[in-house]
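# An overview of the molecular structure
Next come the chains, spelled out residue by residue.
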Amino acid sequence: MSDSQIEAPALGVLHSRHSSKWRRFPVDVLPMHVAEMDFQIADGIKDRLIKMVSESDLGYTGPVPEVAQSFEGFAKDRWNWNIDRSQLKLVTDVGVGVVEFLRANGASNGKVIINSPVYHGFWEWLGELNIEPVDVPLESNYDLDLDGIEREFAAGVKFLLLCNPQNPVGKAFSRAQLTELAKIAKKHDAIVISDEIHAPLTYEDHEFTPYLNCGSDAESTGICVTSSSKSWNHAGLKAGFVLTQSAQMQAKANLMPQATHWRSSLLGAFAMVEAYSNGTDWLDNTVKVLDDNRKFLKSELKKRFPEVTFDLPDAGYLAWLNVGVWNLGKDTVSHLVTNGRVSLVPGNDHGPEYTDFVRLNFGTSQEHISEGLARIAKALG
Ligand SMILES: Cc1ncc(COP(=O)(O)O)c(C=O)c1O
């Protein structure tokens, strides 16, 4: 299969994969929960990994300046963003980057703002550090509630963990909102940690804006944490990076232990290099497939479950579905697994009050999406 053919293998083949997605449930359950795609990875990444393995090139991760070089080209080309190469630091993955940054900067046992509904990992990462999440929910159009955020900064909360584009709703926040957020953060001497892992998967009809590309207030208050692992589908390789764009934020990133670099994987680091430097054809073709999928899902939902609401995401392959009319509440996902043999993510993993929602992964073939919807219909009887 080449980079121009983005296809998901048949279910029989997928079930032989070793990742959590394919091992969590018995083989008769169709997994549509965890955020990984079913497509084959880009040829360049595959070839690079095969070469490294065949040459026993599997040692510890030393300096890999190629990551900053390749991301610099990608960021300039995609987002007209001029990064400062010297301020990029490798970390094990995005979760470790966020947790270690917060830990090193004295956030443990304190408070951090998040904006629900938001990726369940955020709740878990803050829990690791005994941090109290201060939820300032997204507005009904999924914009940030900037007044609410400012109130919390004014009350003394010093960090905001931003998800841009947002998981699970797929919102890519506007430059105007991010610029205003930066102004507010600057005014209150707060820090914005911007998780941008879904950014390369932004659809053509929307624009992704990196937080650090929103002017000097953003540069002096922000840190970007990201990886190619989500968009190029290599989460198991364990590598990510943090990036700053000012002396003061670089000094804060430098407080993280050296070990966060050493704990990243050499294979993962070079997968990132390959993704950012040679993986754009694969990426663009994947985004086209996902674009067809999100529209297909929308029209199938309209036909089969007109009672369910779903707003097309601006980015990514996750669908945030309001299924409240099914009246299954917290039991929705277990009901679907038991009675339909299909697994989704419970809405309340993204914030306790979202029991009316489920998250569905459409990073697969339309055949599997149809199969998933048929199983849901069966479960609902
Ligand atoms: C917003 C977001 N951040 C981070 C992650 C996980 O990244 P990592 O495995 O690099 O910690 C995910 C995974 O789904 C995610 O959606």
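Everything quoted here is computed from the prediction, not taken from an experiment. (Residues numbered from 1 in each chain as written. Predicted model: local features only at pLDDT ≥ 70, side-chain atom pairs only at ≥ 80, totals over all residues. Heavy atoms only, no water.)

## Here's the deal with the packing of aromatic side chains
For clarity, the threshold we go by: Each Phe, Tyr or Trp ring (for Trp, its six-membered ring) is paired with any other whose centre lies within 6.5 Å, and the angle between the two planes then decides the class: stacked below 30 degrees, edge-to-face above 60, tilted in between. Only protein chains enter the accessibility calculation, which uses a 1.4 Å probe; a residue whose area is less than 20% of its type maximum is buried, one above 50% is exposed, and one in between is partly exposed. Strands are runs of DSSP state E lasting at least two residues, helices are runs of H or I lasting at least four, and both sets are numbered from the N terminus onward.
The final tally for this structure, using the stated rule, is 19 aromatic pairs. Between Tyr 119 and Trp 125, the ring centres sit 5.6 Å apart and the planes meet at 75°, which makes this aromatic pair edge-to-face. Owing to a relative accessible area of 24%, Tyr 119 belongs among the partly exposed residues under this scheme. Geometrically, the ring pair formed by Phe 122 and Trp 125 is tilted, given 5.3 Å between the ring centres and 35° between the ring planes. Of this pair, Phe 122 and Trp 125 both sit in helix α6 (residues 120-128), 3 residues apart, roughly one helical turn. Judged by its relative accessible area of 0%, Phe 122 is buried. Overall, the relative accessible area of 11% leaves Trp 125 in the buried class.

## Brief notes about the domain arrangement of the protein chain
To keep things clear, this is the line we draw: How far each domain reaches was decided by an automatic or database domain assignment. Two residues qualify as a contact provided that any one of their heavy atoms is within 4.5 Å of a heavy atom in the partner residue. Two parts lose some accessible area (1.4 Å probe) when they are put together, and adding that loss for both gives the buried area. Salt bridges are identified by distance alone: a Lys or Arg side-chain nitrogen within 4 Å of an Asp or Glu carboxyl oxygen. N or O atoms closer than or at 3.5 Å make up a polar contact, with two conditions inside protein: a donor-capable atom paired with an acceptor-capable one, and, for residues adjacent in sequence, both atoms drawn from side chains.
Here the protein chain is described as being made up of domain 1 (11-43 + 280-380) and domain 2 (59-278). Counting residues at the interface gives 31 residues for domain 1 and 31 residues for domain 2. When the two sides are added together, the surface that domain 1 and domain 2 hide from each other amounts to roughly 2700 Å², 56% of it contributed by carbon and sulfur. Counting every contact that joins domain 1 to domain 2 gives 2 salt bridges. A salt bridge links Arg 78 to Asp 284, with the nearest nitrogen and oxygen atoms 3.0 Å apart. Viewed at the interface, domain 2 and domain 1 are joined by 17 residue pairs in polar contact (both at pLDDT 80 or more).

## Some thoughts on the pattern of salt bridges
Between side chains of opposite charge, pairing is possible as soon as their charged atoms come close. Overall, the coordinates contain 18 salt bridges when judged by the stated rule. The salt bridge partner of Lys 46 is Asp 43, with a shortest N-O separation of 3.9 Å. With Lys 46 and Asp 43 both in helix α3 (residues 43-54) and 3 residues apart, this pair spans about one turn of that helix. Residue classification places Asp 43 among the partly exposed residues on the basis of a relative accessible area of 21%. A salt bridge links Lys 183 to Glu 180; the nearest nitrogen and oxygen atoms lie 3.9 Å apart. Placement of the pair is Lys 183 and Glu 180 together in helix α8 (residues 175-187), with a separation of 3 residues, close to one helical turn. On the accessibility criterion, Glu 180 (33% relative accessible area) is partly exposed. Residues joined by salt bridges that share partners form a network here, namely Asp 205, Asp 291, Arg 294 and Lys 295.

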